[in-house]
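# Structure assessment
Each chain, letter by letter, is given below.
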Amino acid sequence: MSYETLLLEIRERVALITLNRPKALNALNSQLIAELNQALDRLEADPAIGCIVLTGSPKAFAAGADIKEMAELSFPQIYLDDFFAAADRIANRRKPIIAAVAGYALGGGCELALMCDFIYAADNARFGLPEITLGVLPAIGGTQRLTHALGKAKAMELCLTGRQLTAEEAERAGLVARVFAAEQLLEETLKVAEGIAAKSLTATMMIKESVNRAFEGSLSEGLRFERRIFHAVFATADQKEGMAAFVEKRPPQFTHR
Ligand code: CAA
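Parameters and conventions
- Residues numbered from 1 in each chain as written.
- Predicted model: local features only at pLDDT ≥ 70, side-chain atom pairs only at ≥ 80, totals over all residues.
- Heavy atoms only, no water.
- UniProt positions renumbered as here; feature names shortened; annotations may be inferred.
- Pairing = 2+ DSSP bridges.
- Helix = DSSP H or I, 4+ residues; strand = E, 2+ residues; numbered from the N terminus.
- Contact = heavy atoms within 4.5 Å.
- Axes fitted to C-alpha atoms, helices over the stretch in contact; angles between N-to-C directions.
- Buried < 20%, exposed > 50% of the residue type's maximum accessible area, 1.4 Å probe, protein only.
- Near = heavy atom within 4 Å.
- Polar contact = N/O pair within 3.5 Å; in protein donor to acceptor, adjacent residues only side chain to side chain.
- 1 Å grid on protein atoms, 1.4 Å probe; cavity = no way out; pocket = protein on both sides within 12 Å on 5 of 7 lines; lining within 4 Å.
- Sits in = over half its atoms within 2 Å of the grid points.
- Nonpolar A, V, L, I, M, F, W, Y, C, P; charged D, E, K, R; others polar.
- Expected span 1.5 Å × (residues − 1).
- Arc of directions from axis to C-beta.
- Core = buried A, V, L, I, M, F, W, Y, C linked by side-chain atoms within 4.5 Å.
- Patch = residues over 30% accessible without salt bridge, like charges linked within 9 Å, V, L, I, M, F, W, Y side chains within 5 Å.
- Areas by Shrake-Rupley, 256 points an atom, 1.4 Å probe, with all protein chains shown as cover.
- Salt bridge = Lys/Arg side-chain N within 4 Å of Asp/Glu carboxyl O.
- Phe/Tyr/Trp six-rings, centres within 6.5 Å; stacked < 30°, edge-to-face > 60°.

In the annotation of an unreviewed UniProt entry, the entry for the protein reads Enoyl-CoA hydratase, and the organism field reads Zestomonas insulae. As recorded by UniProt, the Sequence similarities (unreviewed entry) comment attached to the protein reads in full: "Belongs to the enoyl-CoA hydratase/isomerase family."

## Observations regarding the sheet that holds strand 4 (residues 60–62)
Spatial ordering of the open sheet is given by 4-6-8-9, a layout of four strands whose pairing is mixed. The two strands at the open ends of the sheet, each matched to only one other strand, are strand 4 and strand 9 (165–166). Strand direction decides the pairing type here: strand 4 and strand 6 (residues 104–106), joined by two bridges, are parallel. Across the sheet, A62 pairs through a bridge with A105, a residue of strand 6. Sheet strands in contact with helix 5 (residues 108–115) are strand 4, strand 6 and strand 8 (126–128), and its direction is about 90° off that of strand 6.

## Digging into the environment of V233
Relative to the helices and strands, V233 is located in helix 11 (residues 218–233). According to the relative accessible area criterion, V233 is buried, its value standing at 13%. Once the C-alpha coordinates of V233 and E209 are considered, the two residues, 24 residues apart in sequence, prove to be 33 Å apart. Setting aside its immediate chain neighbours within four residues, V233 contacts G135, V136, L137 and Q239.

## What about the site of the ligand?
Of all residues adjacent to the ligand, which total 28 residues, the nearest are K59, A65, I67, G108 and K249. Separating an oxygen atom of the ligand from a side-chain N or O atom of E111 is a distance of 2.9 Å. Because more than half of its atoms lie within 2 Å of the grid, the ligand is assigned to the second largest pocket. At the level of secondary structure, the elements contributing two or more residues to the shell around the ligand comprise helix 2 (67–70), strand 6 and helix 5. A breakdown of the residues in the shell around the ligand according to their chemical character gives 18 nonpolar, three polar and seven charged.

## Considerations on helix 10 (residues 201–213)
A rise of 1.5 Å per residue sets the reference length of helix 10, with its 13 residues, at 18 Å; its end C-alpha atoms lie 18 Å apart and thus fit the reference within 8%. Every buried residue belonging to helix 10 is among T204, M205 and K208, and all of these are buried. One side of helix 10 holds all its buried residues, which, seen down the axis, span an arc of 95°. Residues T202, M206, I207, S210 and R213 are exposed on helix 10 and point more than 90 degrees away from its buried face. In the core, the buried residues of helix 10 are packed alongside strand 5 (97–101) and helix 9 (185–197). The distance from a side-chain oxygen at the start of helix 10 to the backbone nitrogen of T202 is 3.3 Å, and the residue carrying that oxygen is S200.

## Some words on the nonpolar core
F127, L175 and F230 are the most contacted members of the largest nonpolar core, which has 63 residues in total. Counting residues per element, this core draws most heavily on helix 1 (residues 30–45), at six residues. Among residues more than four places away in sequence, those in contact with L175 are L114, I119, F127, L146, A149, L150, L165 and A170. Counting 15 residues, the second-largest nonpolar core is a separate cluster that includes I98, A100, Y120 and F180.

## A short note on a nonpolar patch on the surface
A contiguous nonpolar surface patch, about 310 Å² in accessible area, is contributed by F75, Y79 and L80. Within the secondary structure, L80 is located in helix 3 (residues 75–80). Of the residues examined, L80 reaches a relative accessible area of 68% and is grouped as exposed.

## Quick notes on the packing of aromatic side chains
One pass over the structure, following the stated rule, counts six aromatic pairs. Their ring planes at 25° and their centres at 5.2 Å tell us that F84 and F230 sit as a pair that is stacked. Of this pair, F84 sits in the loop between helix 3 and helix 4 (85–91) while F230 sits in helix 11, and the two are 146 residues apart along the sequence. Residue classification places F230 among the buried residues on the basis of a relative accessible area of 1%.

As structure tokens, then:
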């Protein structure tokens, strides 16, 4: 099976998925999320696969959800479609997924990396949730998973300001497991993935499930809440203005309504 928005390569027991919308800095549109889920469905069903690596390009892991796809949507459209619900399936996978992040991991790109089991970063990686600059909020789990990963002070600062973390700062803060020189990131990540894939798949999946239990309960409530208010923000003038300004390449004029 071939995909338009990603590349899938199998190396013995490791699957390498490379996001491949270079002209849009791998912005996550509906097609990419659907194809990523199709690829993951296939890999999860294949007993020969023990670990998955998800990566992007040297410039961008992913620069966010696709703003151009969302900009004109109305509140009823995104609410009735339960917009972003398909992305939740990525977080509920049972086999281990390692994110290998180089360049920008912003907005939905940062949230996608956070849905993986751990993150390895290139020294040029940048992590951030800039949704506030568009007049919206993170809605693929960012307000919840970033807060679990970094604690309230840093997560709140990043969400309210849109500031980006360097790879080094992200490692110090516990968002990233290890940082590698950009040219070594993929090779080092694949080596670790091969080691994981060589272990008992049952034990590996049990460990993943158990570690994830530490984050359940209040997280699911938090995610539901986050999604609903994200849908509601599409009823505001500032969402329309923030996204239109991005598309038209001009500064936004927020009315704060
Ligand atoms: N959606 C759609 N298109 C995007 C995009 C995005 N998130 N990010 C970049 N692109 C497009 C640009 O529009 C541009 O396309 P054109 O050539 O057709 O103009 C192309 O990718 C290259 O981008 P830039 O020219 O902007 O590249 P740059 O190197 O100057 O800047 C950047 C890089 C700082 C990452 C900048 O592209 C940027 O700020 N992107 C948007 C980041 C962002 O706001 N992400 C959050 C999106 S909302 C979200 O993720 C969802 C959520 O939870 C609600």
